[in-house]
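# A structural walkthrough
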Amino acid sequence: MAREKDADATVRGKPAHHPGTEAKGPTRAVVIVPVLTRHQRNDDETNRPRLMRSADARHDEAVGLARAINLDLIHTAVVTVNDPRPATLLGSGKVAEFAEIVKEGHAEVVVVDHPLTPVQQRNLEKELNAKVLDRTGLILEIFGERARTKEGTLQVELAHLNYQKGRLVRSWTHLERQRGGAGFLGGPGETQIESDRRQLQEKIIKLKQELETVRRTRDLHRAKRRKVPFPVVAIVGYTNAGKSTLFNRLTGADVLAQDMLFATLDPTLRRVRLPHGTPIILSDTVGFISDLPTHLIAAFRATLEEVVEADLVLHLRDISDPDTAAQAEDVERILADLGVDAGDAKRVIEVWNKIDRLDEGNRTRLLADGADANKAPPIAVSAVTGEGIDGLKAIIETRMAGELEDLTVTIEPAQFGLVDWLYRNGDVVSRSDNDDGSATISLKATQSAREEIENRLRRKNNG
């Protein structure tokens with residue numbers, strides 16, 4: 001049984017770029033979301049059932065992914081698959097039905113929101129007479145368009161070549177052309193396939209060497225940051241959870257933030273001074289997603305090392321999304337793959353974003369449900385309105401620099417150069433200028449700031 005939805009055919013913009021395709025207008029596409037009734041995903045570590053998303057949520061995410069590369073959607077459908085076919089995944093009746101839709105709508109691309117084997121992809125392209133992208137291929141296309149830095153471009157290209165290597169079922173003369181639909185299926189045969197595979201392998205080796213050079217450069221940058229002991233705070237979360245919006249709110253930057261899956265890809269780092277003067281480096285990372293292709297995880301490991309190296313990780317969740325629990329589970333699984341324990345309350349803070357979209361009743365209920373005696377309570381914020389941001393900053397500063405302490409220091413006339421530093425790195429409560437020219441200052445400062453004040457005064461006295 002298929003549940004079909006009328007696609008908004010008014011999506012316009014730059015057509016998705018597919019090598020070997022000379023598109024003159026928006027690329028017309030059909031999106032198919034197979035729901036396998038007997039398919040139960042289990043956690044690789046615990047072998048426990050994983051949270052499954054609703055069919056509507058999967059449909060909306062697939063549509064969002066397709067629109068992320070400006071595909072013009074002429075038809076979308078959720079298809080229940082009781083018995084997956086090894087040759088085409090879908091039953092023959094459904095394949096024939098979609099072939100007619102593709103023909104009538106002059107669609108050039110069919111997106112299947114499910115991993116396809118090379119054989120299934122090839123057979124579907126033959127039957128549908130259109131290029132077929134599975135979930136992995138679609139995410140690779142999005143990443144290819146989003147990458148801006150040299151490192152990001154290299155990582156996407158490496159992932160794409162590794163994905164493509166297993167799908168050389170026919171041949172072509174130049175590798176600029178991906179395996180396409182009708183018109184690209186002919187070729188001289190196995191000898192050319194072997195040649196293409198050798199070319200791919202040579203490109204993969206070259207890309208790995210270039211990425212190793214980039215990785216060494218990134219390691220040098222990390223080493224320099226360690227010399228200037230600024231703690232690193234990384235924001236992670238499911239794609240479209242609001243990471244870039246929160247990053248902009250905390251830093252005053254203008255990183256691209258749109259209601260779009262994978263709006264930003266390359267990591268961004270900014271220096272931030274917290275309310276009581278503690279400096280940190282804030283890192284905005286690529287969004288995670290369900291069933292993230294293994295090629296991408298491997299290729300982006302260098303970028304994701306920013307998360308591994310971080311002193312504190314903010315796990316940002318879109319608490320207004322009905323599938324927020326399943327999304328959180330996917331993020332936690334990827335963090336575990338990177339060696340980060342999402343349950344470590346000392347290192348990971350769970351931040352619930354978009355609370356402005358909830359009514360008071362739902363907000364209270366969710367916060368009560370989120371209270372767990374075994375871990376720190378989540379921090380509720382709205383990156384758009386700014387609600388809860390001050391509290392989040394205070395918690396980050398406490399984690400990074402310790403609790404606030406009440407201090408009273410007397411600054412001798414020869415030490416007055418420290419006064420400005422005290423105002424910038426503490427909360428000055430009062431100041432008294434004494435008859436001998438000294439000043440007595442009462443302030444609130446973090447533990448690390450108190451230690452720094454004591455060290456500076458000691459150096460001044462010894463000097």
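Residues numbered from 1 in each chain as written. Predicted model: local features only at pLDDT ≥ 70, side-chain atom pairs only at ≥ 80, totals over all residues. Heavy atoms only, no water.

Let us now look at the overall build of the chain. Regarding its fold elements, the chain presents 14 helices and 14 strands. A burial count over the chain gives 48% of its 463 residues as buried. Considering only intrachain contacts with a sequence separation of at least 6, the fraction spanning at least 24 residues in the chain is 71%. As displayed, the chain has an accessible area near 22,400 Å², and 48% of this comes from carbon and sulfur atoms. (Helix = DSSP H or I, 4+ residues; strand = E, 2+ residues; numbered from the N terminus. Buried < 20%, exposed > 50% of the residue type's maximum accessible area, 1.4 Å probe, protein only. Contact = heavy atoms within 4.5 Å. Areas by Shrake-Rupley, 256 points an atom, 1.4 Å probe, with all protein chains shown as cover.)

Helix length check: helix 12 (residues 389-401) (13 residues) gives 18 Å between terminal C-alpha atoms against 18 Å at 1.5 Å per residue, within 8%. Among the residues of helix 12, Ile389, Leu392, Ile396, Glu397 and Ala401 are the ones counted as buried. Down the axis of helix 12, the buried set is contained in an arc of 135 degrees. They therefore lie on one face. Downstream of helix 12 by one or two residues, Gly402 has phi in the positive range, about 95 degrees. (Expected span 1.5 Å × (residues − 1). Arc of directions from axis to C-beta.)

Below, the discussion takes up the UniProt feature "binding site: Mg(2+)" (unreviewed entry) in the chain. In the numbering adopted here, UniProt assigns the feature "binding site: Mg(2+)" (unreviewed entry) to Ser244 and Thr264. With respect to the helices, strands and loops of the structure, Ser244 is situated in helix 7 (residues 243-251). (UniProt positions renumbered as here; feature names shortened; annotations may be inferred.)

Let us now look at the packing of helix 7 against helix 12. Packing of helix 7 against helix 12 leaves a shortest axis separation of 11 Å and a crossing angle of 80 degrees. Taken together, helix 7 and helix 12 sit at an angle that is classed as roughly perpendicular. In contact with Leu246, Arg249 and Leu250 of helix 7, helix 12 contributes Ile389, Leu392 and Lys393. When grouped by side-chain class, the residues that make up the contact of helix 7 with helix 12 number four nonpolar, no polar and two charged. (Axes fitted to C-alpha atoms, helices over the stretch in contact; angles between N-to-C directions. Parallel < 35°, antiparallel > 145°, perpendicular 65-115°, else oblique. Nonpolar A, V, L, I, M, F, W, Y, C, P; charged D, E, K, R; others polar.)

Right, let's get into the pairing of strand 13 (residues 427-433). Successive residues of a regular strand alternate their side chains across the two faces of the sheet. Both strand 13 and strand 14 (residues 439-446) contribute to a ladder of six bridges, which runs antiparallel. Residue pairing across strands places Asp433 opposite Ala439, the latter belonging to strand 14. Adjacent in sequence and paired antiparallel, strand 13 and strand 14 are bridged by five residues, among which Gly437 carries a positive phi angle near 95 degrees. (Pairing = 2+ DSSP bridges.)

Right, let's talk about the side chain of Glu61 for a bit. With respect to the helices and strands, Glu61 occurs in helix 1 (residues 55-67). Assessed through its relative accessible area of 12%, Glu61 is described here as buried. In this structure the side chain of Glu61 is engaged in a polar contact, spanning 2.7 Å, whose partner is the side chain of Arg135. (Polar contact = N/O pair within 3.5 Å; in protein donor to acceptor, adjacent residues only side chain to side chain.)

Enumeration according to the criterion identifies 15 salt bridges in this entry. The salt bridge partner of Asp330 is Arg333, with a shortest N-O separation of 3.5 Å. One end of the pair is Asp330 and the other is Arg333, both in helix 10 (residues 324-337) and three residues apart, which spans about a single turn. The same class applies to Asp330 as to Arg333, namely buried. Note that Arg424 is salt-bridged to Asp420, the shortest N-O span being 3.0 Å. (Salt bridge = Lys/Arg side-chain N within 4 Å of Asp/Glu carboxyl O.)

Here we take up the environment of Gly166. Considering the arrangement of structural elements, one finds Gly166 in the loop between helix 5 (150-165) and helix 6 (190-227). Gly166 sits in the partly exposed class, given a relative accessible area of 48%. With 49 residues separating them in the primary sequence, Gly166 and Thr117 have C-alpha atoms 9.2 Å apart.

Once that is clear, we can look at the sheet that holds strand 12 (residues 404-411). The sheet built from three strands is open, its strands ordered 12-14-13 with antiparallel pairing. Strands at the two margins of the open sheet, each flanked by one partner only, are strand 12 and strand 13. Averaged over all pairs of adjacent strands, the angle between strand axes in this sheet comes to 15 degrees, irrespective of strand direction. For strand 12 and strand 14, the ladder comprises eight bridges, and the chain directions are antiparallel. Of the residues in strand 14, the one forming a bridge with Val409 is Ile441.

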